[in-house]
Every structure is written in structure tokens, then in C-alpha cells.
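Read off the chains here:
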2 protein chains.
Amino acid sequence: MSGTETSPPSLSHRVPDLGAMVLLLAVARHGSLGRAARDVGISQPAASGRIRSMERQLGVALLDRSPRGSRLTDAGALVTDWARRVVEAAEAFDAGAQALRDRRDSRLRVAASMTIAEYLLPGWLIALRAERPGTAVSLLAGNSAAVALRLLAGEADLGFVEGLSIPEGLDGTVIAHDRLVVVVAPSHPWARRDQLTPGELAGTPLILREHGSGTRQVLDAALAVHGGLARPLLELSSTTAVKGAAESGAGPCVLSELALGEELSARRLVKVRVAGVRLRRQLRAVWPAGHRPTGPARDLLALTAGATHEP
Amino acid sequence: MSGTETSPPSLSHRVPDLGAMVLLLAVARHGSLGRAARDVGISQPAASGRIRSMERQLGVALLDRSPRGSRLTDAGALVTDWARRVVEAAEAFDAGAQALRDRRDSRLRVAASMTIAEYLLPGWLIALRAERPGTAVSLLAGNSAAVALRLLAGEADLGFVEGLSIPEGLDGTVIAHDRLVVVVAPSHPWARRDQLTPGELAGTPLILREHGSGTRQVLDAALAVHGGLARPLLELSSTTAVKGAAESGAGPCVLSELALGEELSARRLVKVRVAGVRLRRQLRAVWPAGHRPTGPARDLLALTAGATHEP
DNA sequence: TACCGGACATAAGACCAGCTTATGACCTCA
DNA sequence: TGAGGTCATAAGCTGGTCTTATGTCCGGTA
């Protein structure tokens, strides 16, 4: 039984697949394997076997089966909660992917900056789908200039941008705020500092996105009065690359709070406060000047307005 | 090709499986299908086919293939970011599940309250695994009293509790703060209020967890001077049930900020501020009085200390 | 007491998706 | 021009998951 292990079982082998997790959520909801099976569109024996093999795989009993139905065990409740997070992430993936696909024949064409497309838009799309099922949405991601271009060319109905100003020719409204935070690896000296002075931040080479990103624009403006931003330590092309470099100890970086989830709670990165500097930027919905959104675009706008991240 | 569709394709059919997502992340990291294949332990043709079928499924080109390697397209970068969130959730699932399984022969036995076990612990375990690979952890979830019991009986090495006080016989340290927030469905009248008075909150029947939960303890204490908590509208047994009831418009509820992720950004629930009331609670690591943690328990404690959610 | 119905488990066979190995085509660099 | 890297294609195998058909258990009810 324990001597013929061959390959290092990878994540996807240690974790039940999405279908199994969806099924588990259905069982938790309905209190019965059979009903859950019908809910997800498979037969009762299939559901039974699937949960059973999940229990075998995890080495934990998930259900208390009785002739009157099945209830979660304590461990099962915990597993179900963790599974719910995976399924929610998958739903966001799905919502985003559908918007990327639709391109043609979509009733709502959205253009959004990378940060917004990455972190916020999938959630909005899920909400939109719940309220207005059947609204086909297409998504195009790019920087502020590209978003403006699309809108003015009539190739997009609604745009989302981050940064300090509204691009020429557009009207817009602030839908949320986003805080920028300074983060370092736990081993970095700043990790033990209570807070920094703005001058220190300005004087230290940072890991940054390349020029033209919304993040950098805000940082420049905020530190202008403190001597301006030092020459960057590294200029990378994606948020992920910036995080990676900072985690491996290359130096401090500044990122949107939206981009920092797991890294903070797992303490792979730690926040450093900066005294007296408001590193905050607006996220805006935008549209061609004078053409207030109507139809599906108005629906989406109504959903996003007020989704402010910090009042 | 399009006329024999039969069953409603469920989420798990619309979304690539975990293995494919992990592979995509590897391709993004390595810039080559072949290298990514080796990284995840499959053959190059398998990787090629897998990515290709993912592209077919999503209806989007993910890679720019060249004889010098493969780079993500713009859409591919977005898809990869969304996939990363799914994989991270799966890693948290895995870390938690392993701790549930290990039970015996584990070098570190943790007892934690539900909220902490659900939202925080998996992240800590991932961090611990990164720093001290091979530390087998076992997890037992229960309320504060159960945690105390385990610790005092010598059946757990380290505990985590939420609430106002440290259980009798234990020492502890505050490792984080957690804000409680009042949330309602977007259709609720409070959703349009700028803020509430404490008296209003105290006077309104709320959806709550059953008695004895940490949340309720804090709420009681905070509103004691404002006339005390009204009789609950509903008492439910899980955080999820509370969220569900609030979303369907049953009434306002009070939840840990940790439990509210997607619901807020998708605007299925909205926060309501309460003037002048500090709905905040401490999350503490605890251990038997006089027995400061050593070994693996000390390692985990070091990781969690400072993972404060809001300074 | 006997029966009925709901719930879960088991068994046997069909089916499909993904893997592997072997090979080919293409580009770049020395 | 040949070597070494890239990705794609083809053929065959394997394993997991589904379905249908049935068995077992329990609780309520006449």
C-alpha cells in the first residue's frame, strides 16, 4: 500500500475537480445526495460515487449519511466552505472568459483597464448575469488611451479606467476608490518599520510597472512635493511580475490593494505605511462626452456605482 | 456541429480543469510549452493538446506560438490572471484538507475557531509549508470553549480564537483584528443610507449566528450602551446561511469582513456604516498558560503575528 | 405487522478524455 | 548546413466517470 508511489502527485491530483466541488455544494444545500444529483444533472449513483471518492481522496468523512438524507460533518462543513471559494473563483473565470469570447453580436461592449478587468469586472459580470440574464457582454482590455479610442470610435459602449484624469472627449463618474500600498518581502528592513516618511519612499528605488500605468501616475503625483520618485529599481510589464520580484526580496514595490490578496494573508508580502501621503486613486466609468449610457450599459453602470472599495 | 446540443453545459464544462490552469500558469512562467510540460510532469504533446483544447473551449487564442517559444496573448494574460485566482483557491483548499486529514502523527496540532479555520488558516498553512516543508499539521475546528478544552487536555499545541476575552487557563496574543460590518441587500432601504445611528442598529431585528458565536458577543457588548441588541430576526447556524438570508432580502445582518468578499464586489450585499461604534474584535493565538509555544507551533505563531487585517 | 417510499450503496458495461511514444515540420544560430 | 530548440500530428492505451439495474436499510402508516 505504501511503497509503490511513483510520481509526485500534483495539485490537480490532490484536489477534487470542479464538478465534485459543485456537487458538494449542492449536497450541502439540499441535504440529500439524490436531490443534489438531480440538481447538477447526473444520476444518484454517480453523485454517491463521486462524493465517496472525494472522501477517499481527502481522507476525511464529509457526510453523515442516513436513510433520511445526508448532512455535512464538521469537517465536511469546513471543506465545503473552502470548496465554495474555489467555485466562486471559477465562476469569475467563466464570466470573464465568456466576455472575452463573445466579441461579435454582443449587446454590451466593454473596454476596461487591466486592473479593473482583472479584479473587478468578473464580479460585476456575475451580478449583471444574475439581474439581466442573457446579456451578452464583450470585453476588451487595454490602457486608458486604448479605452478612450474604442469609445470614441463607437467600438465600445462603456469604459472603465483608473488614474487621475478623464481622457479627452469622455464623460465619466467615479465608481470606486483604490488604495495603493507599499509592500516588501517579510525579510526586508522596512517590514519591521512602523511607518515611512514620504521622503524615504521618494528616495528609494522601487519595483514598478512600466511607464504609463495608472499606478505610476498616481505615485508620481503624490510624491512630487517630496522630491519626486527615484529612478525605478526594476520596470516590469505585469502586476504578477512585480509581485514576484518583491516576494523574492528584490526590493519594495507599490501595488493596488486589489492585487494583494493571498500574498498579504500568507505573509509573503507585508504592507508598509507611509505617513501623510494619500496614495489613492479613482476608478471611473467613462463614456463618450454627452452620450450617457443607455440599455445594458446603463444596467452595468448601476451595478458598479457604489462598489467603492473604501469610503 | 450545432444542432445536437443536449444538456445544459454546467460550470465544470465551461471552465478548464485545474490541471489545465496550472499548466497555463507554467507556460506563462516559462515562456515555453515544452518546459511547462516538464514542470508539471507531462509530455510536451500532452501540454500542447491541453492548451489547444482550452483555447477551443474558451474560443480565444491564449498563446502566440513561435519557434522560439510561446508568449501569452493579451487575452491570454487576462485568462491567466483569472486562472491564478482559481489555482490559489485550490491551493488553500489543499492546505486545509491536508490538515484535516493528518490527525495522527502530526507534529503540529492546531485548534481554531470556525471563522479563522475557514478564512485565515489555509493561507497560514501555505506560508508554513513554504518555510518549513514537511511539517505535518492537523486541524480541529470548534468554538472557543472547544479550543480551550483541546489545549488544556494536551490534544492541541496551538489554538486560535476570536472574541473579547481569553478563555480561562490560557495565555495568548492578539495576532489580528477583524472588523464586523453591517450589510444588507441592495434593495433594502438601509442600502441608500449614508450611515446609521447605533440606536437604529440596536433597535432593529437582525439576522445573526446562533448564540455563543464570537460575532454576537462583540455585537452585544458594543450595543449595550445603546439599549442592547433587539431580538434577532433569524438565528442561523452558518455564516453562509446568514449571507444567503440577507441576500434574499430577509433583513440586515452583521458579519466579519473576512466572510465578505465576492458578495460586496458583485454588489449582492452592501455595507452600511454605523456612526461611532467600533465593531471590531481581536483574533488571538492561545496556548496553555505558562507554556509558550515551541517548535512548529512557534513557527506558525511567528507567521501569523502581524497578519493584522487593519492596523 | 406488513407494506410502501425515500435514501444510499453496489455492480457491470459503455464511453470519452487525456496520456504516452514516435515522428514531422519549422525556425534560429553557429 | 547541421544542431538544437520550438510546436504539431498521429495512433494506441488506460483510467476514470457516467449510466442503468438492482440491493439494502429505515421510518411512517394502515
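Residues numbered from 1 in each chain as written. Chains lettered and ligands numbered in written order. Predicted model: local features only at pLDDT ≥ 70, side-chain atom pairs only at ≥ 80, totals over all residues. Heavy atoms only, no water.

Okay, the interface of chain A and chain B next. Opposite the 64 residues of chain A that make contact, chain B presents 64 residues. Among the residues of chain A in contact with chain B, A:Leu11, A:Trp82 and A:Phe93 are the three that bury the most area, contributing 15% of the side total. Between the two partners, chain A and chain B, sit two salt bridges. Between A:Arg14 and B:Asp94 there is a salt bridge, and its shortest N-O distance comes to 2.8 Å. Linking chain A with chain B are 14 residue pairs in polar contact (both at pLDDT 80 or more), by the criterion used here. A total of 22 residues in the side of chain A that touches chain B trace back to one element, the largest contributor, which is helix α5 (residues 74-102) of chain A. (Contact = heavy atoms within 4.5 Å. Buried area = accessible area lost by both parts, 1.4 Å probe. Salt bridge = Lys/Arg side-chain N within 4 Å of Asp/Glu carboxyl O. Polar contact = N/O pair within 3.5 Å; in protein donor to acceptor, adjacent residues only side chain to side chain. Helix = DSSP H or I, 4+ residues; strand = E, 2+ residues; numbered from the N terminus.)

The next thing to look at is helix α11 (residues 239-247) of chain B. Residue and element names in this part refer to chain B. By the burial criterion, the buried members of α11 are Thr 239, Val 242, Lys 243, Ala 245 and Ala 246. Mapping the buried residues of α11 onto a view down its axis gives an arc of 165 degrees, with all of them on the same face. The inward-facing, buried residues of α11 abut α6 (114-119), β8 (207-209), β9 (234-236), β10 (253-256) and α12 (262-265). Gly 249 occupies a position one or two residues after α11 and carries a positive phi of about 90 degrees. (Buried < 20%, exposed > 50% of the residue type's maximum accessible area, 1.4 Å probe, protein only. Arc of directions from axis to C-beta.)

Moving on: the protein's contact with DNA strand C. A:Ser48, A:Arg52, A:Arg65, A:Ser70 and B:Ser43 are the nearest of the 20 residues found near DNA strand C. Sugar and phosphate atoms constitute 71% of the interface atoms of DNA strand C, taking the interface as everything within 4 Å of the protein. One nitrogen or oxygen atom from the side chain of A:Ser48 is found 2.4 Å from a phosphate oxygen belonging to DNA strand C. Within the side chain of A:Ser70, an N or O atom sits 2.8 Å from a phosphate oxygen of DNA strand C. Secondary structure elements with two or more residues in the surface near DNA strand C: α3 (33-40), α4 (44-58), β1 (63-66) and β2 (69-72) of chain A together with α4 (44-58) of chain B. If you tally residues by element for the surface near DNA strand C, the top one is α4(A), at four residues. (Near = heavy atom within 4 Å.)

Let us look at the packing of aromatic side chains. Residue and element names in this part refer to chain A. Summed over the entire model, instances satisfying the criterion amount to two aromatic pairs over all chains. Considering the side-chain rings of Trp 124 and Phe 160, the 4.9 Å spacing of their centres and the 45 degrees angle between planes classify their relative orientation as tilted. Note that Trp 124 is positioned in helix α7 (residues 121-131) and Phe 160 in strand β5 (residues 158-163), a separation of 36 residues in sequence. For Trp 124, a relative accessible area of 2% puts it in the buried group. For Phe 160, a relative accessible area of 0% translates into the label buried. (Phe/Tyr/Trp six-rings, centres within 6.5 Å; stacked < 30°, edge-to-face > 60°.)

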